[in-house]
Amino acid sequence: MQPQHQKFMQLAIELSKANVKYKLGGPFGAVITKNGHLIAQSANKVVPSNDPTAHAEIVAIRLACKVLNTYDLTGCTIYTSCEPCPMCLGAIYWAHIDTMYYANNKNDAAKIGFDDAFIYAEMDIKPEIRKLKSTRIMAKEAFEVFKLWQTTEAKTHY
């Protein structure tokens, strides 16, 4: 393994450790680089920000997008102290990050109380029978906006 990968993963792990040590939140850290240069870093910020989406990866992606002034992180690498949850993995894909390195895996996370297996299971069943009560309404009206999007010339594909 290249020394730079170890260096950036160590930083992600140190962020997660400091979060626990200083009682700031969950044991997760993430670092984003581009061309071997540090772009953004964050630990999990769910508790201090009262934001359930403020996982380390999400916060790091938001910071990297601000630093690079783009929503497209093509060419970037993310180092995360733990295999991402479904939300974070989705965000990593949406951000077009090229490569991901992770340390702990989802099974390690489940053993300490961070188990996302139910989310993966929920995704495989019909919305109307998921744990989250879901009812589809006004689909026709909403689809009209999708049709408008298809015919709009001034759109950005992302």
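Everything discussed here concerns the structure shown above.
Residues numbered from 1 in each chain as written. Predicted model: local features only at pLDDT ≥ 70, side-chain atom pairs only at ≥ 80, totals over all residues. Heavy atoms only, no water.

Chemist: Is there a simple way to think about the overall build of the protein in this case?
Modeler: Along its length, the protein carries seven helices and four strands. In the protein, the order of α-helices and β-strands from amino to carboxyl end is α-β-β-α-α-β-α-β-α-α-α. In terms of principal-axis extent, the alpha carbons of the protein reach across some 50 × 40 × 30 Å. Counting over 158 residues, the protein shows a buried share of 29%. In the protein, the proportion of contacts linking residues at least 24 apart, taken out of those at least 6 apart, comes to 50%. (Helix = DSSP H or I, 4+ residues; strand = E, 2+ residues; numbered from the N terminus. Buried < 20%, exposed > 50% of the residue type's maximum accessible area, 1.4 Å probe, protein only. Contact = heavy atoms within 4.5 Å.)

Chemist: Could you clarify how one ought to interpret the environment of His157 in this entry?
Modeler: Residue position: His157 is located in the segment after helix H7 (139-151). Here the alpha-carbon distance between His157 and Pro127, two residues 30 residues apart in the chain, equals 27 Å.

Chemist: What should I look at first to understand helix H3 (residues 56-68) in this one?
Modeler: Residues separated by three or four positions in an α-helix point in the same direction, a consequence of the helix having 3.6 residues per turn. Look at H3: 18 Å from first C-alpha to last across 13 residues, which is about the 18 Å you get at 1.5 Å a residue. Residues of H3 that are buried in the fold lie against strand S1 (29-34), strand S2 (37-43), strand S3 (76-82) and helix H4 (86-94). Backbone geometry just after H3 places Asn69 at a positive phi near 55°. (Expected span 1.5 Å × (residues − 1).)

Chemist: Is there a simple way to think about the packing of aromatic side chains in this case?
Modeler: Applying the stated criterion across every chain, the model contains four aromatic pairs. Ring plane angle 40° and centroid distance 5.5 Å describe the contact between Phe8 and Tyr79, whose orientation is recorded as tilted. Highlighted residues: Phe8 in helix H1 (residues 3-21) and Tyr79 in strand S3, separated in sequence by 71 residues. An identical accessibility class is assigned to Phe8 and Tyr79; each is buried. With a centroid separation of 5.2 Å and 10° between ring planes, the pair formed by Tyr79 and Tyr101 is classed as stacked. On the criterion of sequence distance, the pair formed by Tyr79 in strand S3 and Tyr101 in strand S4 (residues 99-104) is long-range, its members being 22 residues apart. Members of the aromatic cluster, joined through ring pairs, are Phe8, Tyr79 and Tyr101. Across from the ring centre of Tyr120, 5.1 Å away, lies the NZ or CZ of Lys106, which sits over that ring. (Phe/Tyr/Trp six-rings, centres within 6.5 Å; stacked < 30°, edge-to-face > 60°. Lys NZ or Arg CZ within 6 Å of the ring centre and 35° of its normal.)

Chemist: What's the story with the side chain of His5 in this structure? I'm lost.
Modeler: Mapping His5 onto the fold places it in helix H1. The residues touching His5, leaving out its near neighbours within four places in the chain, are Tyr79 and Tyr101.

Chemist: Before we go on, may I ask you to explain a nonpolar patch on the surface in this structure?
Modeler: Side chains of Tyr71, Trp94 and Tyr158 sit close together on the surface and give an oily, nonpolar patch of about 460 Å² of accessible area. If you trace the backbone, Tyr71 turns up in the loop between H3 and S3. Note on Tyr71: relative accessible area 43%, which makes it partly exposed. (Patch = residues over 30% accessible without salt bridge, like charges linked within 9 Å, V, L, I, M, F, W, Y side chains within 5 Å. Areas by Shrake-Rupley, 256 points an atom, 1.4 Å probe, with all protein chains shown as cover. Salt bridge = Lys/Arg side-chain N within 4 Å of Asp/Glu carboxyl O.)

Chemist: Looking at this model, I keep getting lost on the sheet that holds S4. Mind explaining?
Modeler: Strand order in the open sheet formed by four strands is S2-S1-S3-S4, with mixed pairing between adjacent strands. On the outer flanks of this sheet lie S2 and S4, each paired with one strand and no other. Taken pair by pair, the neighbouring strands of this sheet meet at an average axis angle of 15°, ignoring direction. With six bridges connecting them, S1 and S2 associate as antiparallel partners. Of the residues in S2, the one forming a bridge with Gly29 is Ala43. Together, S1, S2, S3 and S4 form the strand contacts of H1, whose direction differs from that of S3 by roughly 45°. (Pairing = 2+ DSSP bridges. Axes fitted to C-alpha atoms, helices over the stretch in contact; angles between N-to-C directions.)

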